[in-house]
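The residues making up each chain are set out below.
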Amino acid sequence: MNDDIHSLIGAYAVDAVSEDERYRFEQHLSACTHCQAELVGLQAVAGSLASASAVTPPPSLRANILQQIGTVRPLPPLVSDHDDEGDDGGPAHDRPAPSPVSVESAPASIEQARERRRRHGVRRFVAAAVAAAAIVVGGLTWHPWTGSAPTQVSASQQVLHASDAQRYVKHLGQTTATVVRSKKLDQSVLVADNMAPPPAGHAYQLWYQTPAGKMVSAGLMPANASGATQTVLLNGAADKATGVGITVEPAGGSTSPTTTPVALFSFST
Amino acid sequence: MRPLHSTTPDSDGEPPGDPLTTLLSASARGDESSFARLYDQTGPRIFGLVLRVIRDRAQAEEVTQEVYLDIWRQSARFDAARGSALSWMMTIAHRKSVDRVRSSEAQSRRDTTYDMKQQAVPYDTTVESAHRGLDAERVRKALETLTPTQREALELAYFGGYTHREVAALLNLPEGTAKTRIRDGLIRLRDTMGVEQ
Ligand SMILES: [Zn+2]
């Protein structure tokens, strides 16, 4: 089975894998240094295939993109919880890469000193973005653009990479929503791709279903730019839950679901 | 701009020599003018790829916009130890394009006959500049060293957005062999073009 997954590297490099294969290969990749080294070259080759396909985009596209980035702050670098380097003057890319290019789940690779410098440099962006994006979820304040984000990402990463991670996928039109649960960690994570923004004045709320069939709030999805991948750590205990639901609720959330779920994930299978 | 350059993982502490890498790190710090330059230097490559996979111009513009927004958001997470900046950007663009065509099941692009016809006229789009022309020439020459099946499998996967299983079905290959053709094709191209490991 391991040989089989190893041989997916070419298909993975050109995105010719199913979602399940992509997930399994990325799991393999995180542990296989051979594939990590090989993938760098294969992805470069894949990118060069399009070198004769260049087409000048319309000027309006440039204007739209530059206008749009003005409203979004770049994500902070991923930093490790436990700083095992301990020096401030090190170079930026000095940690061996645990896995190759992965669009959303790139592991920590930039050390703390850089993070400190970065925070200093982008303070004015933080101020603007936090006002737009901070959402209070039960007792937890979600600040996607501040220092709490790396911790959240890191907790999510732990679930995503847990040895007992189970994965439940739903396709909703252009959206792909995946719940990953680790019973061992007693946590689960929702990964949503291309999730359309909720109706104005509303938010997506996450729910755990209890064995008794009750829906208990697991937090709100942070508002985000369309088209992006969102990774949300659910609030509450995952181990005993029998499923996860997503509903559209008034901004701020509800104490129990008030609408038909847009997605339901059953843990029973 | 050499798209095939890849930085070795042990380039410890060196200032990044790739201008795109410099522009990306400035972008990560919120520098919008650097990002504008990054866009100007890569826009035709990215848009061309997205357009080739998606085919519909309006949708390609939409996806290209998503791609650049993502590049902007993720800029701090680019790691030069894992490939060049351009390769990273192309990887993002390709994945988003493939995700888009796969999620639009109703599109006529899934018509196999049409798809195979398209494959007969590769590499006919506008070449932006002399150095891109050179890259394209190298790629074209390298592609000639592939077996027809390797080449077809690779093009159906990369430009068609098909999974290796779908590629196997389209080419009447036993299931499980298309992924081998794709891998062998990529390795051969890599070796022919001398991509650094
Ligand atoms: Zn491997």
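Quantities reported herein were computed from a predicted structural model and do not represent experimental measurements.

Rules of the game
Residues numbered from 1 in each chain as written. Chains lettered and ligands numbered in written order. Predicted model: local features only at pLDDT ≥ 70, side-chain atom pairs only at ≥ 80, totals over all residues. Heavy atoms only, no water. Helix = DSSP H or I, 4+ residues; strand = E, 2+ residues; numbered from the N terminus. Buried < 20%, exposed > 50% of the residue type's maximum accessible area, 1.4 Å probe, protein only. Areas by Shrake-Rupley, 256 points an atom, 1.4 Å probe, with all protein chains shown as cover. Donors = N, O, S within 2.8 Å, 3.2 Å for Na, K, Ca; no water. Tetrahedral: all angles 85-135°; square planar, octahedral: opposite > 155°, others 65-115°. UniProt positions renumbered as here; feature names shortened; annotations may be inferred. Axes fitted to C-alpha atoms, helices over the stretch in contact; angles between N-to-C directions. Left-handed = near helix turned anticlockwise from the far one by under 90°. Contact = heavy atoms within 4.5 Å. Nonpolar A, V, L, I, M, F, W, Y, C, P; charged D, E, K, R; others polar. pLDDT = per-residue confidence, 0-100. Parallel < 35°, antiparallel > 145°, perpendicular 65-115°, else oblique. Pairing = 2+ DSSP bridges.

## Let's talk about the overall build of chain B
Per the secondary structure count, chain B includes nine helices and zero strands. Listing every helix and strand of chain B by position from the N terminus yields α-α-α-α-α-α-α-α-α. For chain B, buried positions account for 57% of its 197 residues. Split by element, the accessible area of chain B, about 7,900 Å² in all, is 51% carbon and sulfur.

## Here we look at the coordination of the zinc ion
Residue and element names in this part refer to chain A. The coordination sphere of the zinc ion contains the protein donors His6 (ND1), His28 (NE2), Cys32 (SG) and Cys35 (SG), at a distance range of 2.1 to 2.3 Å. Viewed at the metal, the four donor atoms of the zinc ion are separated by angles of 98 to 122°, and the geometry they form is tetrahedral. Read N to C, the donor residues that coordinate the zinc ion are spaced as H-x21-H-x3-C-x2-C. Since its relative accessible area comes to 1%, Cys35 is described here as buried.

## Overview of the UniProt feature "domain: Putative zinc-finger" (unreviewed entry) in chain A
With numbering aligned to this structure, UniProt lists the feature "domain: Putative zinc-finger" (unreviewed entry) at residues 4-36 of chain A. Secondary structure over residues 4-36 of chain A splits into 70% helix and 0% strand, and the C-alpha atoms at its two ends are 16 Å apart.

## Here's the deal with the packing of helix H5 (residues 59-69) of chain A against helix H3 (residues 57-74) of chain B
Relative to each other, H5(A) and H3(B) sit at 35°, their axes nearing to 10 Å. The two elements H5(A) and H3(B) cross, and the hand of that crossing is right-handed. Here A:Leu61, A:Asn64, A:Ile65, A:Gln68 and A:Ile69 of H5(A) lie close against H3(B), whose contacting residues are B:Glu61, B:Thr64, B:Gln65, B:Tyr68, B:Leu69 and B:Trp72. Considering only residue class, the contact of H5(A) with H3(B) consists of six nonpolar, four polar and one charged.

## Concerning unusual backbone geometry
Although it is not a glycine, A:Asp15 sits at a positive phi angle of roughly 60°. Looking at the element boundaries, A:Asp15 is found in the loop between helix H2 (9-13) and helix H3 (19-29). According to the relative accessible area criterion, A:Asp15 is buried, its value standing at 3%. Phi is positive for B:Arg55, close to 75°, though the residue is something other than glycine.

## Regarding the confidence of the model for chain B
Regions with low pLDDT should not have their predicted coordinates read in detail. Residue and element names in this part refer to chain B. Averaged over every residue, the pLDDT of chain B is 81; residues scoring 70 or more account for 75%. Overall, residues 1-14 carries pLDDT values under 50, and its contacts beyond four positions in sequence, including any with other chains, amount to 32 contacts. Counting contacts from residues 106-131, a segment whose pLDDT is below 50, to residues more than four positions away or on other chains yields 50 contacts. Per the prediction output, this complex has pTM 0.57; the corresponding ipTM is 0.81.

## Considerations on the environment of A:Pro58
Topologically, A:Pro58 is positioned in the loop between helix H4 (33-48) and H5. Beyond its immediate chain neighbours, meaning those up to four positions away, A:Pro58 contacts B:Phe47, B:Arg57 and B:Glu61.

## Section: the packing of helix H2 (residues 32-54) of chain B against helix H4 (residues 85-103) of chain B
A pair of packed helices is characterised by two quantities: the angle between their axes and the separation of those axes. All names here are of chain B. H4 packs onto H2 with a crossing angle of 30° between their chain directions and a minimal axis gap of 9 Å. Here H2 is positioned roughly parallel relative to H4, judged by the angle of their axes. Two packed elements cross with a definite hand, and for H2 against H4 that hand is right-handed. Across from Leu38, Thr42, Arg45, Ile46, Leu49, Val50, Val53 and Ile54 in H2, the residues of H4 making contact are Leu86, Met89, Met90, Ala93, His94, Ser97, Val98, Arg100 and Val101. Of the residues belonging to the contact of H2 with H4, the class tally is twelve nonpolar, three polar and two charged.

## Here we look at the sheet that holds strand E4 (residues 175-182) of chain A
Residue and element names in this part refer to chain A. Sheet architecture is open: four strands sit in the order E3-E4-E5-E8, paired in antiparallel fashion. Each edge of the open sheet is held by one strand with a lone partner, namely strand E3 (166-172) and strand E8 (229-233). Pairs of neighbouring strands in the sheet enclose a mean axial angle of 15°, with direction left out of account. Where E4 lies against strand E5 (residues 187-193), seven bridges are found, and the strand directions are antiparallel. Residue pairing for E5: Thr176 is matched across the bridge by Asp193. The sheet contacts of H3 involve E3 and E4, and relative to E3 the element is tilted by about 145°.

## Re the pairing of strand E9 (residues 243-250) of chain A
Consecutive side chains of a regular strand alternate in pointing toward one face of the sheet and then the other. Residue and element names in this part refer to chain A. Most of E9 sits inside the fold, with seven of its eight residues counted as buried. Sheet analysis places strand E6 (residues 202-209) next to E9, joined by eight bridges and oriented antiparallel. Each bridged residue has a counterpart across the sheet, and for Tyr204 the counterpart in E9 is Val248. Pairing between E9 and strand E10 (residues 263-266): four bridges, direction antiparallel. Bridge pairing links Gly245 to Leu264 in E10.

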